[in-house]
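What follows is each chain in one-letter form.
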Amino acid sequence: MPPIPTRAVTIIGFAVLVAAMVGLEILARRPGSRIPTVGEWLNYLMRPKLGRFLVLAGWWWLGWHYFAR
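### Some points on the packing of aromatic side chains
Step number 1: For the coordinates displayed, the defined rule picks out 1 aromatic pair.
Step number 2: Ring centres of Trp60 and Trp64 lie 5.8 Å apart, and the angle between their planes is 20°; on these two criteria the pair is classed as stacked. With a gap of 4 residues between them, Trp60 and Trp64 both fall in helix α3 (residues 49–67), about one helical turn apart. For the pair Trp60 and Trp64, a shared accessibility class is recorded, and that class is exposed.

Structural data, given as structure tokens:
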């Protein structure tokens, strides 16, 4: 069996992370859930200026590495 390319491992890893985030979002939207939604989590992160910078830097990094090809 040939080895799995690292690109495939990376894509599978990110797909698992996205699936986990979607699953947590579904759990968070149940009535009476104590899990914060993604919107509530981002709202909490964006309150301080450092949080805004980190969210911006994260989006920049994501765009630079995955969308700017």
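After that view of the structure, there is still more to cover.
### Quick word on the pattern of salt bridges
Step number 1: Inspection of every chain in the model, using the stated rule, returns 1 salt bridge.
Step number 2: Arg29 is the salt-bridge partner of Glu25, the closest N and O atoms lying 2.8 Å from each other.
Step number 3: Given a relative accessible area of 17%, Glu25 falls into the buried group.
Step number 4: For Arg29, a relative accessible area of 61% corresponds to the exposed category.

### Re the side chain of Thr37
Step number 1: Mapped onto the elements, Thr37 comes out in the loop between α1 (6–28) and α2 (38–45).
Step number 2: The buried category is assigned to Thr37, whose relative accessible area is 12%.
Step number 3: Sequence-distant contacts of Thr37, that is, excluding residues within four places in its chain, are made with Glu25, Ala28 and Arg29.

### A closer look at the layout of surface pockets
Step number 1: Put simply, the largest pocket is a space of about 510 Å³.
Step number 2: Among the elements of the structure, α1, α2 and α3 are those that each provide at least two residues to the lining of the largest pocket.
Step number 3: It is α3 that provides the largest number of residues to the lining of the largest pocket, a total of 5 residues.
Step number 4: Tallied by class, residues from the lining of the largest pocket come to 12 nonpolar, 2 polar and 1 charged.

### Describing the confidence of the model for the protein chain
Close reading of the predicted structure is inappropriate where its pLDDT is low.
Step number 1: Residues of the protein chain with pLDDT of at least 70 account for 99%, and the chain-wide mean is 90.
Step number 2: Looking across the protein chain, the model is least confident in α3, with a mean pLDDT of 89, and most confident in α1, with 93.

### Quick word on the side chain of Glu25
Step number 1: Position of Glu25 among the secondary structure elements: in helix α1.
Step number 2: A polar contact is formed between the side chain of Glu25 and the side chain of Arg29, at a distance of 2.8 Å.

The rules behind these values
Residues numbered from 1 in each chain as written. Predicted model: local features only at pLDDT ≥ 70, side-chain atom pairs only at ≥ 80, totals over all residues. Heavy atoms only, no water. Phe/Tyr/Trp six-rings, centres within 6.5 Å; stacked < 30°, edge-to-face > 60°. Helix = DSSP H or I, 4+ residues; strand = E, 2+ residues; numbered from the N terminus. Buried < 20%, exposed > 50% of the residue type's maximum accessible area, 1.4 Å probe, protein only. Salt bridge = Lys/Arg side-chain N within 4 Å of Asp/Glu carboxyl O. Contact = heavy atoms within 4.5 Å. 1 Å grid on protein atoms, 1.4 Å probe; cavity = no way out; pocket = protein on both sides within 12 Å on 5 of 7 lines; lining within 4 Å. Points joined across faces, edges and corners; volume = space filled by probe spheres on them. Nonpolar A, V, L, I, M, F, W, Y, C, P; charged D, E, K, R; others polar. pLDDT = per-residue confidence, 0-100. Polar contact = N/O pair within 3.5 Å; in protein donor to acceptor, adjacent residues only side chain to side chain.

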